[in-house]
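Fold and geometry: a report
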Amino acid sequence: MKTGNITRRTMLKGLGTITVGLPFLEEMMAATPAKAAASAVPVRAFNVFFGLGIPTPLQEEGFAGVMEPLKELSDKLLIMRHVDHVRGDQPGINAHYDGSTAAFTAEPPNGTARAGGPSIDQVVRATHYPDGMPSDMVPTLVGGTFFRRDRVSRYTKSFALDGTVAATMQEEPRDVFERVFGNVPGTDEGDPRRMRLKRSILDSTMDQYHYYTGPNSPLGAASRARVAEHLDRIREYEKRAFAQESRKFKAPQMPPDSKLPHGGVADPGGEGIDITLEDLTAEWRLMADLYALAIQCDRVRFGSINFLAAGERIRLKGDYIFNGEKRFHFDDGAQRKSGGANGCSHEWWHAFNEDKPNEQLRAHAHMKLREVTYFLKRLDDPEFNDPNGKSVLENSMITISTESGDGRHNDPKRELSGIFHAITGANGRFKTGQIMDVKAEGIDVYNTMLTAMGCERKIGPEKRDFSSVDKIRA
Amino acid sequence: MGKFWFVRSLGALGAIVCAASSAAADTLAAERFFDERIAPILSKHCLECHDTTIREGKLDLSQKHAAMGELKRGFVIVPGDAEKSLLWQEVQNDDMPEDRPPLSKEEKEDLKKWINDGAVWSADEVDPMAHTRDPKAASNWVQRLTNREYVRTIRTATGVDIEKEAEKLLPKELRADGFSNTAYNLTIDMSHIVAYGQLAERVVGELDVMAFARKHGGEVSEERLPAVVEGMGKWLLRRPLKPDEKASFLKVAQAVKDEQGDLKEMVSYALEAMLQSPGFLYRIEAGGGDSQSAGPYELASRVSYAVWGSSPDEELMKAADRGEILQPEVLRRQVERMLDDPRAIDRSLEFADQWLNLGRLANLKPDPVHFPLWTGGLAAEMREETLEFFREVVWQRKRPLNELLNANLTVASPRLAAHYHLPRHPQLKDRKGLVALYEFDEGSGNVVHDRSGHGEPMNLKISDESKVEWADGRLRLKDKTLIRSEKPFTRGVKSLKNSKELTLEVWVENEDLNQDGPARLVSLSSGPSERNITLGQIKGLYEVRVRTPQIGGNGLPGLETPDRIVTPRLNHLVYTRDREGKGKFYLDGELINTTSTAGNFDNWNEGFHLMLGNESDGSRPWRGTFHRVAIYDRVLPAEEVYENAGGRRLYDLAGVRERGGLLTQASLLTIGGDEASMVTRGLFVLHDLLHSAVGSAPPGVDTTPQPTKAGMSQRVMAERRIDDKSCSGCHSKFEPLAFGLERYDGVGAYSEKDRHGNALREDGALRLPGVPEALPFDRAEQLMDMLAGSERVNRNFTRKMLQFTLGRPLLGSDSRAIAAIHEKSQEGGGTYRSLMTAIATSEILRTIPNPQTP
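Remember, it's a predicted structure, so these values are computed and weren't measured experimentally. (Residues numbered from 1 in each chain as written. Chains lettered and ligands numbered in written order. Predicted model: local features only at pLDDT ≥ 70, side-chain atom pairs only at ≥ 80, totals over all residues. Heavy atoms only, no water.)

Another aspect to go through is the overall build of chain B. Tallying secondary structure elements over chain B gives 30 helices and 26 strands in all. With the principal axes as the frame, chain B shows a C-alpha extent of 120 × 90 × 55 Å. Across chain B, contacts joining residues at least 24 apart in sequence account for 68% of those joining residues at least 6 apart. By element, 50% of the accessible surface of chain B is carried by carbon and sulfur atoms, the whole surface being about 33800 Å². Put simply, chain B has 113 plus and 128 minus side-chain charges, and the middle of one group is 2 Å from the middle of the other. (Helix = DSSP H or I, 4+ residues; strand = E, 2+ residues; numbered from the N terminus. Contact = heavy atoms within 4.5 Å. Areas by Shrake-Rupley, 256 points an atom, 1.4 Å probe, with all protein chains shown as cover. Lys, Arg positive; Asp, Glu negative; His and termini not counted. Charge placed at Lys NZ, Arg CZ, Asp CG, Glu CD.)

See the structure below:
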């Protein structure tokens with residue numbers, strides 16, 4: 001699958017005809033600067049996750065090593081080394097699916113499908129939008145290109161205040177398109193009467209959901225939050241279906257059906273799948289384009305996107321080209337002389353040895369950061385600069401997280417140490433342009449970030465003295 | 001005096017009752033403290049080394065009786081005196097846990113308090129699976145109807161079947177903590193909102209709205225609309241409407257009226273609104289305040305979703321209307337009645353499917369190099385086997401649930417039966433069209449008789465009797481020979497020419513997977529290059545060559561099957577060719593290849609002889625055993641082929657020692673992955689059958705199933721891990737549980753040697769959690785019997801079923817409820833019926849927890 005970038009220009013130029021929700025088009029049609037004059041820079045927070053991580057010794061190489069792709073954005077990033085997930089590091093915790101949950105939550109998971117607490121983006125959201133997001137926005141967008149899926153926490157990286165997933169995973173570009181831009185079906189545009197009657201059903205339903213989220217609700221906090229979530233979705237539906245008329249409009253073509261496996265077949269019993277680099281990156285980049293466009297059009301302010309799952313198992317094939325230069329030829333199955341799980345790139349992480357070249361791992365990690373950079377660059381597009389003249393990338397709090405895939409045992413009580421972290425400046429709140437040896441616990445880094453974002457709530461286990469990591473603040 | 005005495009006595013009695021009640025409350029509080037504070041500490045910090053299996057320092061803190069025992073240095077726990085308790089002495093100075101993070105200050109305070117307060121245990125055993133779980137995991141989440149519950153509820157409430165549409169529109173649910181109905185993970189997406197709207201419209205569109213309204217709301221008129229809405233709403237929302245809800249639905253009807261809609265339309269739109277309301281989509285209970293007894297409608301709904309996974313029927317609603325359902329005896333009778341309904345079976349199969357995670361079979365793709373016969377169809381049949389087995393044991397035979405572990409029966413498709421080497425016998429559903437039939441039932445001699453009854457028998461003669469072996473219903477060709485018709489097959493060829501259709505059906509066991517030529521199984525020919533039809537073997541595949549006027553006498557190109565499908569097992573092969581020239585090849589009842597060739601049989605030579613096991617010149621010998629050969633002058637339809645292959649049927653496994661019970665079924669054996677990992681199989685047994693837990697592997701440990709090689713079987717690798725001190729703490733608890741399964745490969749086929757020639761074992765010693773002594777076994781079937789006889793396994797059924805019913809993970813604080821349900825279920829025979837009755841009538845189902853309780 002080959003796709004080009006989707007830009008505002010191509011969006012408006014229009015290649016096909018599709019029904020697109022008018023609120024979105026309104027946003028798109030309005031000149032961003034004009035809108036900018038009247039509004040402040042919105043608070044946004046996103047997490048970008050990539051699977052399997054960067055072994056600590058390779059982080060020490062800075063941009064000369066596998067972090068090379070991040071170099072072109074280095075002045076807009078704070079790369080943090082020596083950040084430990086001590087709070088997620090408990091007996092019996094598995095680095096891949098449990099440890100990765102600690103990234104930007106600072107807690108081990110609480111069940112196979114949820115974290116021990118909220119992720120940092122959702123705390124920011126709850127602080128700045130205590131009454132919920134505007135109903136014409138997608139409250140939280142979770143998307144990603146990934147395959148391993150036996151545990152939800154492997155691939156979902158945005159968690160609500162109660163630790164449950166903050167939004168349903170949209171795992172195909174088409175899903176993201178429909179979730180963000182597509183018009184909702186179920187309204188009959190040719191029959192105003194019918195639309196009015198459908199609206200009355202929606203009003204009735206909303207009244208009842210209101211009751212269950214209100215002060216007289218018989219429900220407990222957890223249940224009220226769930227029903228409130230349902231109400232939010234209905235409001236969003238209402239906005240898209242009824243608030244403004246939808247029209248057939250020239251817009252980009254609906255993304256093609258994905259060529260890659262999704263759903264259960266993407267993870268055949270943990271044995272991994274064969275995939276080409278071209279197919280993998282083509283789908284990811286389309287996903288990244290759409291996700292970035294959703295942010296740039298201010299349809300989304302919070303969420304997460306991930307490139308490959310924690311503990312991902314793929315057997316990748318193809319030439320790896322970086323800046324026009326062939327860097328490596330991926331052929332995991334042949335290079336590992338094995339099929340099934342043992343032939344997957346995952347095993348390069350297990351085989352990591354600081355004293356050896358680790359060529360395959362290096363190439364995979366480099367490629368992952370190339371793709372993460374691709375997404376970040378989309379957010380750095382000056383065409384979508386915020387009112388303050390800075391890019392979305394510069395103004396948003398974007399966290400880049402990963403996992404400990406190689407199992408460093410530098411301290412038997414700290415298996416999850418030295419995890420790669422990076423953040424953006426969040427509109428001048430954090431230092432950028434450096435690689436910093438933070439030497440702190442993730443929980444303190446995250447809570448320092450929350451303080452800087454104006455959040456009183458802290459994440460991580462309660463009843464613990466907070467130790468601010470001021471050196472990351474601008 | 002009398003009155004005074006009475007009053008004084010009453011006062012004393014009151015004091016006694018109060019004291020007793022206060023003591024009971026104290027005990028309850030102490031037990032709760034143990035469940036919520038102490039058991040998690042023991043689970044998290046101590047049991048890795050000090051449980052029944054490891055017992056480091058001869059200390060077992062997982063069992064009450066052992067923890068209260070005496071070591072050489074003194075008592076581990078001295079109730080009422082922490083300072084004298086070895087446990088406290090070791091913990092307070094961080095001497096324990098060794099090489100692990102110490103207890104926090106709070107944890108230490110709790111432990112000390114507990115001992116000083118008398119060291120009350122809530123149960124005899126600490127359950128690490130439940131006690132390490134954060135109580136928030138079981139918060140009182142409102143339950144959204146799962147997709148299946150939604151479909152069933154619509155069906156029960158309206159009679160409309162929307163299964164296919166719902167499957168298409170509703171996002172799929174994901175597993176969380178072992179089940180897909182875990183309430184905390186039943187999140188809501190935009191696509192749900194869209195789907196519920198579309199499905200509601202669809203239901204109302206298919207419904208006879210006015211009849212529905214009359215049935216549930218009485219006479220339908222505009223004046224009576226409030227009553228009609230009330231009646232329909234109560235039925236759909238499973239309880240009487242609240243005034244606000246009623247008003248809300250009436251507003252919808254009014255909106256229709258304002259738009260000049262008629263009565264039917266008013267009712268229709270109100271119905272659509274009801275089907276999207278929270279009262280319909282969620283199982284909302286009144287709650288409020290402290291924990292309280294469920295009201296009649298709440299109880300009806302709880303029981304109904306527990307037993308059927310659907311809404312209450314009219315009878316249950318009537319029992320709720322009258323409040324009778326709150327009477328234990330009425331409730332029990334209702335549950336008994338509901339368990340006689342097919343919906344209860346459906347619900348139980350859903351439980352089995354989720355508990356055993358059978359859905360993952362659809363996604364498996366074992367390495368085709370090692371497992372060439374794997375197909376999605378076979379995977380589906382494996383899933384079907386387990387569900388049908390469950391149905392047979394639980395519902396048909398009404399056996400106790402523990403017999404699922406060792407019941408000597410199964411229900412298998414022909415292909416799965418072949419996969420398992422189950423004893424199969426050729427079937428013949430319809431003799432119509434037979435032109436030749438050889439059943440090999442002669443037992444001796446050099447003639448194979450044609451039993452088709454079609455004209456003059458076309459008997460076959462064995463050229464060298466010394467090269468064959470007769471047995472009951474089969475003939476083995478142990479060496480090169482030829483079996484040839486005494487006369488040309490003229491009669492048969494004429495019939496085939498006339499009908500222009502053909503079926504060739506063969507039951508064979510292959511003896512040489514490398515024979516080629518093609519090696520002739522069946523041939524109607526005059527020599528190696530001149531034939532009417534030939535079925536041959538080319539090493540790992542079969543080929544059928546058929547002469548037609550367009551193709552010519554050699555019959556090439558023929559129909560080739562996929563490679564590596566030839567096995568030494570008994571296989572049922574069928575080739576059919578219809579008038580249009582479409583050829584189909586079936587293996588064990590399943591279509592595996594098709595081809596299309598031009599022409600008919602007009603140029604078939606009527607002078608050719610029919611041959612088995614060789615070509616007429618002796619140049620294409622085949623070795624193996626024939627069980628049946630049949631030729632028809634018609635095309636057998638797929639269903640008949642499937643039936644002739646044996647169909648899906650019940651097998652008595654009394655004489656099949658390697659099969660019997662869930663753990664010998666391929667659906668579960670595939671859990672080990674391609675390499676049949678003892679780690680993953682052992683963990684499955686530990687987690688899902690024995691309800692115990694060990695932590696996940698530490699970060700960085702390579703958890704990839706390791707490939708076997710010569711001298712390194714799975715058993716050898718497992719024993720090395722167990723011998724390794726750094727691994728044995730956990731691995732010794734679960735890998736031995738899979739020792740009895742080593743002879744089953746990654747897809748569940750049985751073999752005594754692996755592909756490297758390593759001898760595979762099935763002996764071992766079963767270490768059940770909580771049982772100090774290991775129980776030795778020599779054979780897999782003994783392991784199955786031990787598991788079936790284990791109280792631990794038995795109790796696990798109770799836990800799993802209760803979790804599934806409640807839609808949340810169980811906690812330590814549920815232990816009393818589990819014990820009570822289990823005891824009641826065992827009194828009733830330990831069957832599914834007795835267990836579900838115990839659950840549906842249990843205190844935990846009759847009580848609505850305080851919504852504020854975490």
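Check the secondary structure of chain A and you find 14 helices and 13 strands. For chain A, the residues scored as buried account for 65% of the 474 residues in total. Of the roughly 16100 Å² of accessible surface on chain A, a fraction of 46% belongs to carbon and sulfur atoms. (Buried < 20%, exposed > 50% of the residue type's maximum accessible area, 1.4 Å probe, protein only.)

All right, on to the sheet that holds strand S16 (residues 541-546) of chain B then. All names here are of chain B. Read across the sheet, 8 strands follow the order S8-S9-S12-S21-S14-S15-S16-S17 without closing on themselves; strand pairing throughout is antiparallel. Of all strands in the sheet, those with a lone pairing partner are strand S8 (447-448) and strand S17 (559-560), marking the two edges. Summarising the sheet, S8 and strand S9 (residues 460-462) pair through 2 bridges and their orientation is antiparallel. Bridged to Val 447 within S9 is Lys 461. (Pairing = 2+ DSSP bridges.)

To continue, consider the nonpolar core. In summary, soluble globular proteins display a tendency toward joint burial of nonpolar side chains. With 166 residues, the main nonpolar core has Tyr 150, Leu 236, Leu 271, Val 307 and Leu 663 of chain B as its most contacted residues. Leaving out residues up to four positions away in the same chain, Val 307 of chain B has contacts with Val 335, Met 338, Leu 339, Arg 343, Ala 344, Arg 347, Met 836 and Ala 840 of chain B. Among the nonpolar cores identified, the runner-up in size contains 66 residues, and Phe 177, Leu 361, Ala 363 and Met 367 of chain A belong to it. (Core = buried A, V, L, I, M, F, W, Y, C linked by side-chain atoms within 4.5 Å.)

Right, let's get into unusual backbone geometry. Glycine aside, negative phi is the norm for most residues, and most peptide bonds take the trans geometry. Residues and elements named next belong to chain B. For the peptide bond that leads from Met 96 to Pro 97, omega is -5 degrees, which places it in the cis range. Cis geometry is adopted by the peptide bond preceding Pro 518, which originates at Gly 517 and carries an omega value of -10 degrees. Tracing the chain through its elements places Pro 518 in the loop between strand S13 (502-510) and strand S14 (519-527). Of note in the backbone geometry, Lys 539 takes a positive phi value of approximately 50 degrees without being a glycine. Residue position: Lys 539 is located in the loop between strand S15 (530-538) and S16. Lys 539 sits in the partly exposed class, given a relative accessible area of 42%. Its identity is not glycine, yet Ala 676 carries a phi of approximately 55 degrees, on the positive side.

Residue and element names in this part refer to chain A. One open sheet accounts for 3 strands, arranged S7-S9-S10; its pairing is mixed. Of all the strands in the sheet, the pair left with one neighbour each is strand S7 (273-276) and strand S10 (325-331). Going across the sheet, the axis of each strand differs from the next one's by a mean of 15 degrees, ignoring polarity. Relative to S10, strand S9 (residues 314-322) runs antiparallel, the two sharing 6 bridges. (Axes fitted to C-alpha atoms, helices over the stretch in contact; angles between N-to-C directions.)

Here we come to empty space enclosed by the protein. What the rule picks out here adds up to 9 cavities of 30 Å³ or more. As a volume, the largest cavity reaches approximately 190 Å³. Around the largest cavity, the lining is made up of 19 residues, and of these Leu 202 and Tyr 237 of chain A together with Ile 193, Gly 197 and Gln 276 of chain B lie nearest the centre. Elements represented by at least two residues in the lining of the largest cavity include exactly helix H7 (192-213) and helix H8 (221-243) of chain A together with helix H8 (190-206) of chain B. Split into classes, the residues belonging to the lining of the largest cavity amount to 10 nonpolar, 6 polar and 3 charged. Considering only enclosed or pocket space, the second largest cavity measures out at about 60 Å³ in volume. (1 Å grid on protein atoms, 1.4 Å probe; cavity = no way out; pocket = protein on both sides within 12 Å on 5 of 7 lines; lining within 4 Å. Points joined across faces, edges and corners; volume = space filled by probe spheres on them. Nonpolar A, V, L, I, M, F, W, Y, C, P; charged D, E, K, R; others polar.)

Bringing the pairing of S15 of chain B into the picture now. Residue and element names in this part refer to chain B. When you tally the buried positions in S15, you get 7 out of 9 residues, the bulk of the element. Counted along the chain from S14 to the antiparallel partner S15, the turn is 2 residues long. Pairing geometry for S15 and S16, over 6 bridges, is antiparallel. Across the sheet, Thr 534 pairs through a bridge with Arg 545, a residue of S16. Taking the residues between adjacent antiparallel strands as the criterion, S15 and S16 are bridged by 2 residues, where Lys 539 takes a positive phi near 50 degrees.

All names here are of chain B. Considering all chains together, one arrives at 105 salt bridges over all chains under this definition. When the shortest N-O distance is used, the salt bridge between Glu 719 and Arg 761 registers 3.8 Å. Pair noted here: Glu 719 is in helix H24 (residues 714-723) and Arg 761 is in the loop between helix H25 (725-734) and strand S24 (764-766), with a separation of 42 residues, a long-range link. The partly exposed category is assigned to Arg 761, whose relative accessible area is 34%. Through salt bridges with shared partners, a single network forms among Arg 148, Glu 149, Arg 152, Arg 283, Asp 346, Arg 347 and Glu 350. (Salt bridge = Lys/Arg side-chain N within 4 Å of Asp/Glu carboxyl O.)

Applying the stated criterion to the full structure yields 30 aromatic pairs over all chains. Ring centres of Phe 34 of chain B and Trp 114 of chain B lie 5.6 Å apart, and the angle between their planes is 40 degrees; this geometry places the pair in the tilted category. Note that Phe 34 of chain B is positioned in helix H1 (residues 2-46) and Trp 114 of chain B in helix H4 (residues 105-116), a separation of 80 residues in sequence. The exposure class assigned to Phe 34 of chain B is buried, which follows from its relative accessible area of 0%. Ring geometry for Phe 601 of chain B and Trp 604 of chain B: centres 4.5 Å apart, planes at 45 degrees, overall tilted. For the pair formed by Phe 601 of chain B and Trp 604 of chain B, the shared burial category is buried. The lysine or arginine in question, Arg 114 of chain A, covers the ring of Tyr 184 of chain B, its NZ or CZ lying 4.4 Å from the ring centre. In this arrangement the basic side chain of Arg 659 of chain B is found over the ring face of Tyr 420 of chain B, its NZ or CZ atom lying 3.9 Å from the centre. (Phe/Tyr/Trp six-rings, centres within 6.5 Å; stacked < 30°, edge-to-face > 60°. Lys NZ or Arg CZ within 6 Å of the ring centre and 35° of its normal.)

Take Thr 156 of chain A: it is sitting in the loop between strand S4 (141-145) and strand S5 (169-170). Once residues lying within four places of it in the same chain are set aside, the contact partners of Thr 156 of chain A are Val 142, Val 165 and Met 169 of chain A.

Another aspect to go through is the layout of surface pockets. All names here are of chain B. Roughly 860 Å³ of volume is contained in the second largest pocket. Lining the second largest pocket are 35 residues, and of these His 370, Phe 371, Asp 745, Ala 749 and Arg 755 sit closest to its centre. Looking at the lining of the second largest pocket residue by residue, the class counts come to 15 nonpolar, 10 polar and 10 charged.

On to H24 of chain B. Residues and elements named next belong to chain B. Listed as buried for H24 are Gln 714, Arg 715, Met 717, Ala 718 and Ile 722. One face of H24 carries all of its buried residues, which in axial projection span an arc of 160 degrees. Every exposed residue of H24 that faces more than 90 degrees away from the buried side is listed here: Arg 720 and Asp 723. Considering only its buried residues, H24 is in contact with helix H23 (678-689), H25 and S24. (Arc of directions from axis to C-beta.)

All right, on to the packing of helix H17 (residues 342-355) of chain B against helix H18 (residues 376-396) of chain B then. Residues and elements named next belong to chain B. Where H17 meets H18, the axes come as close as 10 Å, and the angle between the chain directions of the two elements is 130 degrees. Taken together, the axes of H17 and H18 are oblique relative to one another. When you trace H17 past H18, the crossing you get is right-handed. Seen from H17, the contacting residues are Ala 344, Ile 345, Ser 348, Leu 349, Phe 351, Ala 352 and Asp 353; seen from H18, they are Arg 383, Leu 387, Phe 390, Arg 391 and Trp 395. Along the lines of polarity and charge, the residues of the contact of H17 with H18 split into 8 nonpolar, 1 polar and 3 charged. (Parallel < 35°, antiparallel > 145°, perpendicular 65-115°, else oblique. Left-handed = near helix turned anticlockwise from the far one by under 90°.)

What follows concerns helix H20 (residues 490-499) of chain B. Residue and element names in this part refer to chain B. Counting buried positions along H20 gives 7 out of 10 residues, so the element sits mostly inside the fold. Those residues of H20 hidden inside the fold are in contact with strand S7 (434-438), S13, S14, S15 and strand S22 (624-632). The first or second residue beyond H20 is Lys 500, which carries a positive phi of 60 degrees.

Now for the environment of Pro 707 of chain B. Along the chain, Pro 707 of chain B turns up in the loop between H23 and H24. Residues Pro 707 of chain B and Met 717 of chain B lie 10 residues apart in sequence; the distance between their C-alpha atoms is 9.8 Å.

Caution is warranted with low-pLDDT regions, since their predicted coordinates should not be read in detail. Residue and element names in this part refer to chain A. Predicted confidence across chain A gives a mean pLDDT of 84, with 83% of residues reaching 70 or more. Per-residue pLDDT stays below 50 along residues 1-5; that stretch engages in 14 contacts with residues further than four places along the chain or on separate chains. Within the model, pLDDT remains below 50 along residues 7-38, and this stretch shows 71 contacts once partners closer than five positions in the same chain are excluded. (pLDDT = per-residue confidence, 0-100.)

This part takes up the pairing of strand S11 (residues 474-477) of chain B. Residues and elements named next belong to chain B. Side chains Leu 475 and Leu 477 project from S11 onto a buried face, and the interleaved Arg 474 and Arg 476 project onto a face without burial. Here 4 bridges tie strand S10 (residues 468-471) to S11, and the two strands are oriented antiparallel to one another. Each residue of the ladder has a partner; that of Glu 469, found in S11, is Arg 476. Taken together, S10 and the strand that follows it, S11, pair antiparallel across an intervening segment of 2 residues, in which Gly 473 is found at a positive phi of about 75 degrees. Relative to S22, S11 is paired through 3 bridges, and the arrangement is antiparallel. Within the sheet, the bridge partner assigned to Leu 475 lies in S22 and is Phe 626.

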